[in-house]
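These are the residues of each chain, in order.
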Amino acid sequence: MMPDPVHDQNAARIQAQRAVPFAPAARRTLCVFGAEVELALLPHRSSRPDRPGARSAFGKDRGMAIVEAEASWRDNGLALTGNKFPFARAQTVLWSERPLREPDEAFLEAALSWTDAIGGSLLVNSIGAAASIARAHAHHTDEAMPFLGQLGEEPLDADWLPRIDGVTFAKKNAPFWLLCVRGAAQARAQAIAALQMGRLTAAVNLVAMRGETFVYPRTCETPAPHFPYPLGAAEIWGRWCYVEERAFAAATSADLEQALIAAGCAI
């Protein structure tokens, strides 16, 4: 069973009561590799516990503690909560109740199927790519940013790509690896799980919208000085999250392009 807060009125009501509104202190737009991105000033996110750059080597499994305290829906090894530090509108978090560090094929299929059914965007960070909690989880929002759709692309064929019926691959036109996987949720989940088994980097970000999933393998977490914070799926999606006004105001298109190059994998 998939989580369905749209039709489960009780889950939606409970989640709405607990939701923290997305309320940036300021916003601005820039053009990055010819596509539009948004910069959002979100000072409240500086108070996240165990945030990247301020975390120790080991910690408790806060993911399950959050689920136990805040879940509005739980079934079949999945749970749904809100997000106390939102970077998007109507943001919820889908959790694995199974002890997974990164999403496996079953979790990906559930999350992608849910997103395809209700719309919006799904964002996944791994530890080392902006996640502050090690347990597998995915952020959902009803927003869809234009950045990834505006980037040009070309078909991709390589001997390391998984051969999955109903799936096509493309490479976005950028000086780093940014793959687009297209197909039905089940086939995409199978393909992405196979890609993760062949991934030779420690970290990765995933973004899913409209039957597409984008895969951005990582080489570093914080691409300073170009972007002074851990770069995550939100930035790949097209929303750059700042917690300090000075850095927010000073950022340029060239800074963000160099941040993506520095954090990603050269082609």
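Position labels on residues start from 1 in each chain and follow its written sequence. Per-residue local features are limited, in this predicted model, to residues with pLDDT of at least 70; the limit for side-chain atom pairs, both in listing and counting, is 80 or more; totals at the level of whole chains, interfaces and linings are taken over all residues. Computation of side-chain values: all heavy atoms of the structure, hydrogens and water removed.

Points about the sheet that holds strand 1 (residues 26–32)
The test is simple: DSSP bridges decide pairing: two strands pair if at least two such bridges lie between them. Only DSSP runs of H or I reaching four residues or more are called helices, and only runs of E reaching two or more are called strands; each is numbered from the N terminus. All axes here are fitted lines through C-alpha atoms, helices being fitted over the stretch that makes contact, and every angle between N-to-C directions spans 0 to 180 degrees. By definition in these notes, contact holds between two residues if any of their heavy atoms fall within 4.5 Å.
Spatially, the 3 strands line up as an open sheet ordered 1-2-13, and their pairing is mixed. Each edge of the sheet is formed by a strand with only one pairing partner; in this case those strands are strand 1 and strand 13 (239–242). Here the strands of the sheet are splayed against their neighbours by 25° on average, with no regard to which way each runs. The sheet contact formed by strand 2 (residues 35–41) and strand 13 spans 4 bridges and is parallel. Among the inter-strand pairings, Leu-41 is bridged to a residue of strand 13, identified as Tyr-242. Helix-sheet contacts for helix 8 (residues 253–263) involve strand 1, strand 2 and strand 13, and the interaxial angle to strand 1 is about 70°.

Describing the packing of helix 3 (residues 105–118) against helix 5 (residues 185–198)
In a packed pair of helices, the relevant descriptors are the angle between the two axes and the axis-to-axis distance. Which entries qualify depends on this criterion: Roughly parallel means an angle under 35 degrees; roughly antiparallel, over 145; roughly perpendicular, 65 to 115; everything else is oblique. Should the near helix be turned anticlockwise from the far one by less than a right angle, the crossing is termed left-handed; should it be turned clockwise, right-handed. Note on residue classes: Ala, Val, Leu, Ile, Met, Phe, Trp, Tyr, Cys and Pro are nonpolar, Asp, Glu, Lys and Arg are charged, and everything else, Gly too, is polar.
At a closest axis distance of 8 Å, the pairing of helix 3 and helix 5 adopts a crossing angle of 140°. Comparing the axis directions of helix 3 and helix 5 gives the class oblique. Along this stretch, helix 3 crosses helix 5, giving a crossing that reads as right-handed. Each of Glu-105, Leu-108, Glu-109, Leu-112, Ser-113 and Asp-116 in helix 3 lies in contact with helix 5, whose residues at this interface are Ala-185, Gln-186, Arg-188, Ala-189, Gln-190, Ile-192 and Ala-193. Along the lines of polarity and charge, the residues of the contact of helix 3 with helix 5 split into 6 nonpolar, 3 polar and 4 charged.

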